[in-house]
Amino acid sequence: MQSKKGLVLVYTGNGKGKTTASLGLALRAAGHGEKVYIIQFMKGDEKYGEVKAIKRYLPNIELVQKGLDTFVIKGNPSLQDLSLAKEGLNLAKNVISSGKYDLVILDEINVAVDYGLLSEQEVLNLIELKPEHTTIVLTGRYASDKILEKADMISEVREIKHHYKQGIAAQPGIEY
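The structure presented is a predicted model; accordingly, all values stated were derived computationally and were not measured.

**Quick word on the overall build of the chain**
- Helix and strand content of the chain: 6 helices and 6 strands.
- Its helices and strands in sequence order give the chain the pattern β-α-β-α-β-α-β-α-α-β-α-β, from N to C terminus.
- For the chain, whose C-alpha radius of gyration is 16 Å, the value lies close to the compact-globule estimate of 16 Å for 176 residues.
- Summarising its shape, the C-alpha atoms of the chain cover approximately 50 × 35 × 30 Å along the three principal directions.
- The burial tally for the chain puts 47% of its 176 residues in the buried class.
- Positive and negative side-chain charges in the chain, numbering 23 and 22 respectively, have mean positions lying 3 Å apart.

In structure tokens, the structure reads:
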């Protein structure tokens, strides 16, 4: 779809649903025959439903996780956390600059910047690599002002009420 105008979309905020929104967009794009590439930063567990569904049912979508299956400690990431984030960054550079994908989702990349795994400038440089027809989605809390300035669309997901506060644990198909 070379005639399509690529955009920079940001899903941020403290509420639940940023990754889910980007996955809905991936599903929509795949339905139109578009090629989609998803890189999940700070995630490394194949228990996620989207990982399973994409592998089984969605050949137009590629998904790669660049993280561990444990939480990153803000201000004290492990060397492996840092290494995986850099791998994700390099993969993103290659995927975006290839021009082969209509939609590239960089899931949790805003958190990776906030936690010091990647620099804001590195993410801004990724945006600059974007071919005209490619849409890039950046998800995660804490999107920086400079990243927001580069966006064509920003959706802020705000928590109003969350079932965790009622003692309901994370559930497959809802949280992962």
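**Comments concerning the sheet that holds strand S4 (residues 103-107)**
- Across the sheet, 6 strands lie side by side as S3-S2-S4-S5-S1-S6; this open sheet has parallel pairing. Of all the strands in the sheet, the pair left with one neighbour each is strand S3 (61-66) and strand S6 (153-156). Between one strand and the next, the sheet's axes are offset by a mean angle of 15°, whatever the strand orientation.
- When strand S2 (residues 36-41) meets S4, the two strands line up parallel, connected through 5 bridges. The residue bridging Tyr37 from the neighbouring strand is Val104, located in S4.
- Against the sheet, helix H2 (residues 49-57) contacts S2 and S3, and its axis sits at roughly 145° relative to S3.
- Across the sheet, helix H5 (residues 120-128) is in contact with strand S1 (8-12), S4 and strand S5 (135-139); its angle to S5 comes to roughly 160°.

**Section: the layout of surface pockets**
- Within this model, the largest pocket holds a volume of roughly 1,300 Å³.
- In terms of lining residues, the largest pocket is bounded by 43 residues, among which Thr19, Lys43, Tyr48, Glu108 and Glu175 are the most central.
- Mapped onto the lining of the largest pocket, the elements with two or more residues apiece are helix H1 (18-31), S2 and H2.
- If you tally residues by element for the lining of the largest pocket, the top one is H1, at 7 residues.
- Here the residues of the lining of the largest pocket sort into 21 nonpolar, 11 polar and 11 charged.
- In this structure, the second largest pocket spans a volume of roughly 150 Å³.
- Lining the second largest pocket, in full, are Lys4, Lys5, Leu7, Leu9, Leu25, Arg28, Ala29, His32, Glu34, Leu103 and Thr135.

Conventions we followed
- Residues numbered from 1 in each chain as written.
- Predicted model: local features only at pLDDT ≥ 70, side-chain atom pairs only at ≥ 80, totals over all residues.
- Heavy atoms only, no water.
- Helix = DSSP H or I, 4+ residues; strand = E, 2+ residues; numbered from the N terminus.
- Rg over C-alpha atoms; globule rule 2.2 N^0.38 Å.
- Buried < 20%, exposed > 50% of the residue type's maximum accessible area, 1.4 Å probe, protein only.
- Lys, Arg positive; Asp, Glu negative; His and termini not counted.
- Charge placed at Lys NZ, Arg CZ, Asp CG, Glu CD.
- Pairing = 2+ DSSP bridges.
- Axes fitted to C-alpha atoms, helices over the stretch in contact; angles between N-to-C directions.
- Contact = heavy atoms within 4.5 Å.
- 1 Å grid on protein atoms, 1.4 Å probe; cavity = no way out; pocket = protein on both sides within 12 Å on 5 of 7 lines; lining within 4 Å.
- Points joined across faces, edges and corners; volume = space filled by probe spheres on them.
- Nonpolar A, V, L, I, M, F, W, Y, C, P; charged D, E, K, R; others polar.

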